[in-house]
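Residue-level listing of the chains:
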Amino acid sequence: MPAKKILVVFAHPLLERSNVNKELIKAYDPSRVEWVDFYEKYPEFLFPIAYEKELIEAHDVICLHHPLYWFSSPPLLKQWLDVVFEVGWAFGPGGNALRGKKLIQIVTTGGSALAYTTEGANGAPIQDFLKPFEQTARVCQMDYLPPFVVHATHRLSLQDILGYRADLQNLMEKLQDPAFLAQEFSPYTTMNDYI
């Protein structure tokens, strides 16, 4: 079977301030992964919807890479989902364009892993805050994969950051493999646990 095609939708409004994300995006080999920086490409929040749909249709795995902003995504990513994932195309009657595609999130947080537990400051695991994305995938007949998460971004050493980048690079290589994507991932809460 041919390698799966990967699209990374990157949405970080303050990339210049994020040492972690500046390193993580280096994991995307342009010969293997199509990577789009939304805040660079669409600063006016206006999307050519037909083009975005064609781009999605041409890929098997859609990665949403973003920081967790108030327990969700930055607004530009939400806007993209709202205007591109239309009824009749992504879901609803005749909306089968995304059926069988994989959706995964690459998420960075300022809070520690402990903060994202039932005992922690946020009172719930990170998966609870990502449920709207999981439900979007479900409604669109996509397979939602466990997220790749980098916690406590302000406290990481360069060595830690480079380790996460290597893990993400490894994950990108695995996501191209149809045998990898055919696995059952329910035992894993994050792809970090698998990688």
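Look a little higher up for the structure.
This one's a predicted model, so the numbers in the text were calculated from it and none came from an experiment.

Conventions used here
Residues numbered from 1 in each chain as written. Predicted model: local features only at pLDDT ≥ 70, side-chain atom pairs only at ≥ 80, totals over all residues. Heavy atoms only, no water. Helix = DSSP H or I, 4+ residues; strand = E, 2+ residues; numbered from the N terminus. Buried < 20%, exposed > 50% of the residue type's maximum accessible area, 1.4 Å probe, protein only. Arc of directions from axis to C-beta. Contact = heavy atoms within 4.5 Å. Disulfide = S-S within 2.5 Å. Axes fitted to C-alpha atoms, helices over the stretch in contact; angles between N-to-C directions. Parallel < 35°, antiparallel > 145°, perpendicular 65-115°, else oblique. Nonpolar A, V, L, I, M, F, W, Y, C, P; charged D, E, K, R; others polar. Core = buried A, V, L, I, M, F, W, Y, C linked by side-chain atoms within 4.5 Å.

### Structural notes on the environment of Glu-40
Its location among the elements puts Glu-40 in helix H2 (residues 38-41). Residues Glu-40 and Pro-13, 27 residues apart in the sequence, show an inter-C-alpha distance of 8.6 Å.

### Some points on helix H3 (residues 49-57)
Taken residue by residue, H3 has Glu-52, Lys-53, Leu-55 and Ile-56 as its buried positions. One side of H3 holds all its buried residues, which, seen down the axis, span an arc of 160°. Counted as exposed and oriented over 90 degrees from the buried face of H3: Ala-50 and Glu-54. Looking at the buried positions of H3, the neighbouring elements they touch are strand E1 (6-10), strand E2 (33-37), H2, strand E3 (61-67) and helix H4 (75-84).

### Some details on the state of the cysteines
All chains considered together, the criterion is met by zero disulfides. We note that Cys-63 lacks a disulfide partner, and the nearest cysteine sulfur, in Cys-140, lies 16 Å from it. When its relative accessible area of 2% is taken as the criterion, Cys-140 is described as buried.

### A closer look at the environment of Val-87
With respect to the secondary-structure elements, Val-87 resides in the loop between H4 and strand E4 (102-108). With 53 residues separating them along the chain, Val-87 and Cys-140 place their C-alpha atoms 9.4 Å apart.

### Some points on the packing of H3 against H4
Running from N to C, H3 and H4 cross one another at 95°; their axes reach a closest spacing of 10 Å. As far as their axial angle goes, H4 and H3 are roughly perpendicular. Contact with H3, carried on its side by Ile-49, Glu-52, Lys-53 and Ile-56, involves Trp-80, Val-83 and Val-84 of H4 and no other residues of that element. Here the residues of the contact of H3 with H4 sort into five nonpolar, no polar and two charged.

### Structural notes on the nonpolar core
Judged by nonpolar contacts, the single largest core of 36 residues is most densely connected at Ile-56, Trp-80 and Phe-85. Sorting elements by how many residues they give to this core places H4 first, with five residues. Leave out the neighbours within four places in its chain, and Trp-80 touches Val-9, Phe-38, Phe-47, Glu-52, Ile-56, Ile-62, Leu-64 and Phe-85. Core analysis: the second largest hydrophobic core is formed by 27 residues, Val-8, Tyr-28, Leu-145 and Phe-180 among them.

### Observations regarding helix H6 (residues 131-139)
Within H6, the full set of buried residues consists of Phe-133, Glu-134 and Ala-137. Relative to the axis of H6, the buried residues are bounded by an arc of 100° and lie together on one face. Where H6 is buried, its residues meet E3, H4, E4 and strand E5 (143-144). Positive phi appears at Gln-141, one or two residues downstream of H6, with a value of about 65°.

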